[in-house]
Amino acid sequence: MDALVSKSKLKEALAIAERAAAKSATLPVLSNVLLSAEKNIVQVSATDLEIGLTYAFLATTKQDGKVVIAPRLLSPLLQVIATDQIQLGREGHDLLVEAKEYHTSIRSLDPEEFPIIPSPKGEEDRVDVDCRVLCKGLSHVVGMTGQSQARPEISGVLFVFEKGGLKMAATDSFRLAEKRLVFEKEQPFEGSFILPQKAARELVAIFGELPGKMTISLSPVQAAFMYESEDKASGVRIQLVSRLIEGEYPRYQDIIPEDYKTKIAISRAEFTDHIKAASIFAGKTNEIHLVIDPKQKELVVTAQSPEAGAHKARLAADIQGEYMEIAFNWRFLVDGLAQMKSENAELKFSSEEGPAVILPMGEDDYLYLAMPIRA
Amino acid sequence: MDKDDLWRAVLAQLQFQISPANFATWLKNTYIVSRKDGQLVVSVPNNFSREWLENKYNKAIFHILRAIDHDIKEVKYTVERAAQSATKQAPQKQTISIRAMENSSGQLDLREARIDRATNLNPRYTFESFVVGPFNELAHAASLAIVKEPGTIYNPFFIYGGVGLGKTHLLQAVGNQITKDFPDKKIRYMTSERFTSEVVAAIRNHSVDNFRGLYRDLDILIIDDIQFLAGKEKTQEELFHTFNALYEKGHQIIFSSDRPPKSIPALEERLRSRFEGGMIADVSAPDFETRLAILKTKIQNRSLTIDDDVCEYLASNIQRNIRELEGALNRLFAFYRLNHKAPSLTEAKSLLKSVIQTPSKQISSKKVIQLVAEFYDMQEKDLIAASRKKEIVRPRQVAMYIMREELKHSYPLIGKKFGGKDHTTAIYACEKIQKEVQESEILADEINIIKQRMYSG
């Protein structure tokens, strides 16, 4: 291997690829990254065999080659190197890093032992989406995925592609969030898949701030998310592949109630503060009570626990419907409210033991649903 | 050499050529799916394994295969969606325990949202969606009669039958129909597990009186899977008193179980006799036509189109269990959602391979002998030995009968398996047991339990 690369690009590539590297007792090679130079492209990849990440960028390569190195050795070294150009080469099996006064060789494992990351072959279904819009939307639902291994189908985020838009939903069976995106122009692909939570989180973290579009390639068992920088000169290409979760996602539309007993319009920030104040006294069960009184036009938030004491706060609200007392895990309410940007929120309650729906007032692309605690 | 043996031979040789870590990582859960005209298709669990095998081990694998069988010309690797879900059935129990823990804090979850909290009934189960065939006619007719006049004709009503044949459906349909027709009647549907935990909670919280009050106030009590009460004496006692209180007032009581009351072990005699006092109906396995009808109904409910030949393939291959039938359909449905087209017969076959193929191959005559010996609490070798003691002869005849009925072995082969007995002995045994099965319910149940263990283990 003989390549002249930009230090900042290499640093970024390592930082991103490293996210997929995993500690594995059976396959130690997985904690490393594969660094390869081929035809003026340098590529850094890593995988934990669930997801695979590849970051490729342009560089001057004189001789192709591959090494497998521990990112914890190369990354700190790049921090101290001052110049932006570094020369990568081979010394025996190892990687040689040269920059001005530095001459470092880093131990490499056998590159033949590194897993081959399955890339899309070109025959998959493809969809183009706006990178930032997708990741932003995804970030509003990814936190609600289920954690239990026992129900794998809800341990990921459901993506439903329709001609005009995309729906993303997640639930852990206690609450549910759904985000709807509308495409500017129609696209041909229609279908759905369940993306594992880890892949969804990485997607948001890595692609969240990138401008431009992202291409999703879908096969029945795998999804590949590919981003190519609009600035052709840098030649940056980032790809995340992930297995998909098999199974049928619960028909969550059925649980969204159609009739509501009580509806409230309330300031989102004030309500959040009140819940947080009450949460101090909620005790181990995280239980807070809401008393909704249409006559007094107020919402009373109370919480108490033997260890901490008792708390009660009143909040003026626009209330329609019946008087109601209902208890929630406060975290579930705050989690939902935090995903909204609107000034006011609308809360709708079907019954004391039925789901409650929280909507951002004036926006109709987000829905959050939480189950109460049995009184 | 069959597919499984062939692959085992390959793995056996391959393990010496690659490191144990690699072997464990890349060859775990691989198997041969099909073999046709020299082309071998190997199933791997994920794309990573596929890439690795295709690029790294293909040569080695191919060499070993060629050495064993010259006809093999090509090896292909495929990731099967179905491969994973087959192993997923095991964690079922776990789900229940986790949910029970979560629910102890009172946090309600979405899954129960559709279930009516007062009655515990799931509105999904109705008479309209229940397919009637000769195997469940009696139970269905009795249920309908109960719905018309709860508490008067068949009280208590006891349904029994194997796993996944529609007992719960029928029970819940009765409940739902009564809720509709008599909205003021108080109904409660319970699983016996939940009933038990309520009894335990009542004792712990010193609220037994409340508990009794709650149940004795009901107009209709439905308890599912009553066989799990076996050995739980305090719960049986509470049920006994509840039963008496309800029965005296002429309120309807409905039970289900996987076996008739007589065969539920460790059930108190007074409860048993009460169960038998009303109407007992059984549901058995559906015939082909009914299975087809069930499939069609389910397909219609989901507004899905699936070819007739695919339906027939499903109905003829999944015979024992309607739930399995539904599971298979779910898989096809998932395929449909992903690809937006109905699966063809070949696609359906490959999708359903793991569901359909597994059960038949596991049962051998050896397994039958082992299970029968275990059931009658004796040594396997006694069964095979030449003894004519009565306590040995009977189980031996049962084993012969099961081999004939379930494994379709020939009489001479059966004779051979039992220490070289004559085929006429086997014929005599099978005929004798067949006759007795019709006369004695106890024997029929014994055989049913052995069969269940045979197919479930």
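Residues numbered from 1 in each chain as written. Chains lettered and ligands numbered in written order. Predicted model: local features only at pLDDT ≥ 70, side-chain atom pairs only at ≥ 80, totals over all residues. Heavy atoms only, no water.

Quick word on the overall build of chain A
For clarity, the cut-off: For helices the rule is a DSSP run of H or I covering at least 4 residues; for strands it is a run of E covering at least 2, with both sets numbered from the N terminus onward. Residue burial is assigned from relative accessible area. The probe radius is 1.4 Å, only protein chains are included, and a residue is buried under 20% of its type maximum, exposed over 50%, and partly exposed in between. Should any heavy atoms of two residues lie within 4.5 Å, those residues are counted as being in contact.
The helix and strand inventory of chain A stands at 6 helices and 26 strands. Going through the 375 residues of chain A one by one, you find that 57% of them count as buried. Long-range pairs, those at least 24 residues apart, make up 65% of the contacts in chain A between residues at least 6 apart in sequence.

A few points about the UniProt feature "binding site: ATP" (unreviewed entry) in chain B
Residues and elements named next belong to chain B. We count it as follows: UniProt positions are given in the numbering used here, feature names are shortened, and annotations may be inferred rather than shown by experiment.
In the numbering used here, UniProt assigns the "binding site: ATP" (unreviewed entry) feature to Gly164, Gly166, Lys167 and Thr168. When you line up the elements, Gly166 lands in the loop between β4 (157-161) and α7 (167-181). Position of Lys167 relative to the elements: it lies in helix α7. A residue is classified by how much of its surface remains accessible, and Lys167, at 8% relative accessible area, is buried. For Lys167, the contacting residues outside a window of four places in its chain are Ile159, Tyr160, Gly161, Gly162, Asp225, Ser256, Ser257, Asp258 and Val283.

Things to note about the sheet that holds strand β5 (residues 60-63) of chain A
Residues and elements named next belong to chain A. The cut-off we apply is this: The criterion for strand pairing is that DSSP finds at least two bridges linking the strands in question. Interaxial angles span 0 to 180 degrees and are taken between N-to-C directions of axes, which are lines fitted to C-alpha atoms, for helices over the stretch in contact.
If you trace the 5 strands from one edge of the open sheet to the other, you get β5-β1-β7-β8-β9, paired in antiparallel fashion. If you trace the sheet from one side to the other, it starts and ends with β5 and β9 (102-106), each paired once. With strand direction ignored, the average angle separating the axes of adjacent strands in the sheet is 20°. Bridging between strand β1 (residues 2-6) and β5 involves 3 bridges; their strand directions are antiparallel. The partner of Asp2 across the bridge, within β5, is Gln63. Along the sheet, helix α1 (residues 7-17) contacts β1 and β7 (85-91); its crossing angle with β1, the most-contacted strand, is approximately 90°. Taken strand by strand, helix α2 (residues 71-80) contacts β7, β8 (94-99) and β9, and its axis lies near 170° from that of β9.

Quick word on the pattern of salt bridges
Residue and element names in this part refer to chain B. Threshold: A pairing counts as a salt bridge when a side-chain nitrogen of Lys or Arg comes within 4 Å of a carboxyl oxygen of Asp or Glu.
Per the stated rule, a full pass over the model turns up 29 salt bridges over all chains. With a closest N to O distance of 2.9 Å, Arg259 and Asp258 form a salt bridge. Among the residues examined, Arg259 registers a relative accessible area of 22% and is labelled partly exposed.

Observations regarding the packing of helix α2 (residues 20-27) of chain B against helix α3 (residues 47-68) of chain B
Residues and elements named next belong to chain B. Which entries qualify depends on this criterion: Here the word oblique covers every angle except those under 35 degrees (roughly parallel), over 145 (roughly antiparallel) and from 65 to 115 (roughly perpendicular). For this scheme, ten residues count as nonpolar: Ala, Val, Leu, Ile, Met, Phe, Trp, Tyr, Cys and Pro. Four count as charged, namely Asp, Glu, Lys and Arg, and the remainder, Gly too, count as polar.
For the pair α2 and α3, interaxial distance at closest approach is 9 Å and the crossing angle is 125°. With respect to α3, the element α2 is oriented oblique. Where α2 approaches α3, its residues Asn22, Thr25, Trp26 and Leu27 are matched on the opposing element by Phe48, Ser49, Trp52, Leu53 and Tyr57. In terms of residue class, the contact of α2 with α3 is made up of 6 nonpolar, 3 polar and no charged.

Section: unusual backbone geometry
Residues and elements named next belong to chain B. Cis peptide bonds are those with omega within 30 degrees of zero, and the linkage from Asn155 to Pro156 qualifies with -10°. Residue placement: Pro156 occurs in the loop between α6 (137-148) and β4. Unlike most non-glycine residues, Asp37 shows phi in positive territory, near 45°. Its location among the elements puts Asp37 in the loop between β1 (31-36) and β2 (39-44). Given the relative accessible area of 73%, Asp37 is considered exposed.

A word on the sheet that holds strand β4 (residues 51-58) of chain A
Residues and elements named next belong to chain A. With respect to topology, 8 strands assemble into an open sheet ordered β6-β2-β3-β4-β17-β16-β15-β10, the strand pairing being antiparallel. Two strands bound the open sheet, and with one partner strand each, they are β6 (65-69) and β10 (125-130). Averaged over all pairs of adjacent strands, the angle between their axes in this sheet comes to 15°, without regard to strand direction. Where strand β15 (residues 213-218) meets strand β16 (residues 222-228), 5 bridges bridge the pair, whose relative direction is antiparallel. In the strand pairing of β16, Thr215 is matched with Met226. The strands that helix α4 (residues 197-207) touches are β4, β15, β16 and β17 (237-243); relative to β17, the one it contacts most, it runs at about 170°.

Remarks on the packing of aromatic side chains
All names here are of chain B. Selection rule: Each Phe, Tyr or Trp ring (for Trp, its six-membered ring) is paired with any other whose centre lies within 6.5 Å, and the angle between the two planes then decides the class: stacked below 30 degrees, edge-to-face above 60, tilted in between. Remark: a charge is flagged as sitting over a ring if the NZ atom of Lys or the CZ atom of Arg is within 6 Å of the ring centre and within 35 degrees of the ring normal.
Under the counting rule described, the total for this entry stands at 18 aromatic pairs over all chains. Judged by centre distance (6.1 Å) and plane angle (10°), the ring pair of Phe243 and Phe255 falls under stacked. Residue Phe243 is found in helix α10 (residues 233-248), and its partner Phe255 is found in strand β7 (residues 252-257); the two are separated by 12 residues along the sequence. Here the two residues Phe243 and Phe255 agree in accessibility, since each one is buried. Stacked on the ring of Phe182, the Lys or Arg Lys185 has its end atom at 5.5 Å from the ring centre. The ring of Tyr411 has Arg404 sitting right over it, with the charged end atom 4.0 Å from the ring centre.

Section: helix α5 (residues 268-279) of chain A
Residue and element names in this part refer to chain A. How we decide: Multiplying 1.5 Å by the residue count of a helix minus one yields the expected span of that helix. Picture the helix axis, draw a direction to every C-beta atom, and the arc is the one those directions span.
For α5, which comprises 12 residues, the first-to-last C-alpha distance of 16 Å matches the rise-based estimate of 16 Å (1.5 Å per residue) to within 8%. Three or more residues of α5 are buried, namely Arg268, Phe271, Thr272, His274, Ile275, Ala278 and Ser279. For α5, the arc enclosing every buried residue in end-on projection is 160°, short of the 170-degree limit, so these residues lie on one face. For α5, the elements touching its buried residues are β18 (262-267), β19 (287-293), β20 (298-305), β21 (309-316), α6 (330-338) and β24 (344-349).

Some remarks on the environment of Met454 of chain B
All names here are of chain B. When you line up the elements, Met454 lands in helix α22 (residues 441-456). Owing to a relative accessible area of 2%, Met454 belongs among the buried residues under this scheme. For the pair Met454 and Val368, spaced 86 residues apart in the sequence, the C-alpha separation amounts to 7.3 Å. Once you skip the residues sitting within four places of it in the chain, Met454 turns out to touch Ile363, Val368, Leu371, Ile402 and Glu406.

Some words on the environment of Lys185 of chain B
Residue placement: Lys185 of chain B occurs in the loop between α7 and β5 (187-191). For the pair Lys185 of chain B and Pro150 of chain B, spaced 35 residues apart in the sequence, the C-alpha separation amounts to 9.9 Å.

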